Amino acid sequence: RKVDKQGNVAHGDPLLVDCQNCVVYHETGEEDRAVAVLGAKDLVVVVTPDAVLVMPKDRAENLRTVVEQLRKRGAGQL
């Protein structure tokens, strides 16, 4: 993946404005939506047709906890 001058990595077509060291994954689905991130630093943003995830990069190890909690809530997307 290509890294820009501010250390950002973008997939799909998100708009990043004044961001540093972010990873933004924009998976387009049936209904395309605009994704923009403004003034963020060290974030991971994932947008898929059925979910949105926003977290600090340094909390990636806690993602399993989020998935477990969503399952307990009965999130049908998982």
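Residues numbered from 1 in each chain as written. Predicted model: local features only at pLDDT ≥ 70, side-chain atom pairs only at ≥ 80, totals over all residues. Heavy atoms only, no water.

### Considering the state of the cysteines
Counted under the stated rule, the structure contains zero disulfides. Just so you know, cysteine 19 is unpaired, no disulfide at all, and the nearest cysteine sulfur is the one on cysteine 22, 4.7 Å from it. We classify cysteine 19 as buried; its relative accessible area is 3%. By relative accessible area, which is 1% here, cysteine 22 ends up buried. (Disulfide = S-S within 2.5 Å. Buried < 20%, exposed > 50% of the residue type's maximum accessible area, 1.4 Å probe, protein only.)

### Side note on the side chain of threonine 48
Here threonine 48 shows up in strand β5 (residues 43-48). Given the relative accessible area of 16%, threonine 48 is considered buried. In this view, threonine 48 contacts Tyr25, Glu27 and Arg33; residues no more than four positions away in its chain are not counted. (Helix = DSSP H or I, 4+ residues; strand = E, 2+ residues; numbered from the N terminus. Contact = heavy atoms within 4.5 Å.)

### Examining the pairing of strand β6 (residues 51-56)
Sheet analysis places β5 next to β6, joined by six bridges and oriented antiparallel. If you follow threonine 48 over to β6, its bridge partner there is alanine 51. Between β5 and β6, which follow one another and run antiparallel, lie two residues. (Pairing = 2+ DSSP bridges.)

### So, the confidence of the model for the protein chain
In the predicted model, the protein chain carries a mean pLDDT of 90, and the fraction of residues at 70 or more is 95%. When pLDDT is averaged over each element of the protein chain, strand β4 (residues 36-38) comes out on top at 97 and helix α1 (residues 63-72) at the bottom at 90. (pLDDT = per-residue confidence, 0-100.)

### Here's the deal with the nonpolar core
Judged by nonpolar contacts, Cys19, Cys22, Val24, Val35, Val37, Ala40, Val45 and Val47 together constitute the single largest core of eight residues. Setting aside its immediate chain neighbours within four residues, valine 45 contacts Val23, Val24, Tyr25, Val37, Leu53 and Val54. (Core = buried A, V, L, I, M, F, W, Y, C linked by side-chain atoms within 4.5 Å.)

### Some words on a nonpolar patch on the surface
A cluster of nonpolar side chains, contributed by Leu15, Val17 and Leu38, occupies part of the molecular surface with about 290 Å² of accessible area. Relative to the helices and strands, leucine 15 is located in strand β2 (residues 15-17). (Patch = residues over 30% accessible without salt bridge, like charges linked within 9 Å, V, L, I, M, F, W, Y side chains within 5 Å. Areas by Shrake-Rupley, 256 points an atom, 1.4 Å probe, with all protein chains shown as cover. Salt bridge = Lys/Arg side-chain N within 4 Å of Asp/Glu carboxyl O.)

### Let's talk about the side chain of histidine 26
Looking at the secondary structure, you find histidine 26 in strand β3 (residues 23-26). With relative accessibility at 4%, the residue histidine 26 sits in the buried group. Aside from chain neighbours lying at most four places away, what touches histidine 26 is His11, Gly12, Asp13, Pro14, Asp32, Arg33, Val35 and Val47.

### Examining the sheet that holds β6
As summarised here, the arrangement of the four strands in space is β1-β3-β5-β6, forming an open sheet in which the pairing is mixed. Here the strands that pair on one side only, and so sit at the sheet edges, are β1 (9-11) and β6. In this sheet, neighbouring strand axes are inclined to one another by 5° on average, regardless of whether the strands run parallel or antiparallel. Note that β3 and β5 share four bridges and pair parallel. Looking at β5, one finds that valine 23 is bridged to valine 44. (Axes fitted to C-alpha atoms, helices over the stretch in contact; angles between N-to-C directions.)

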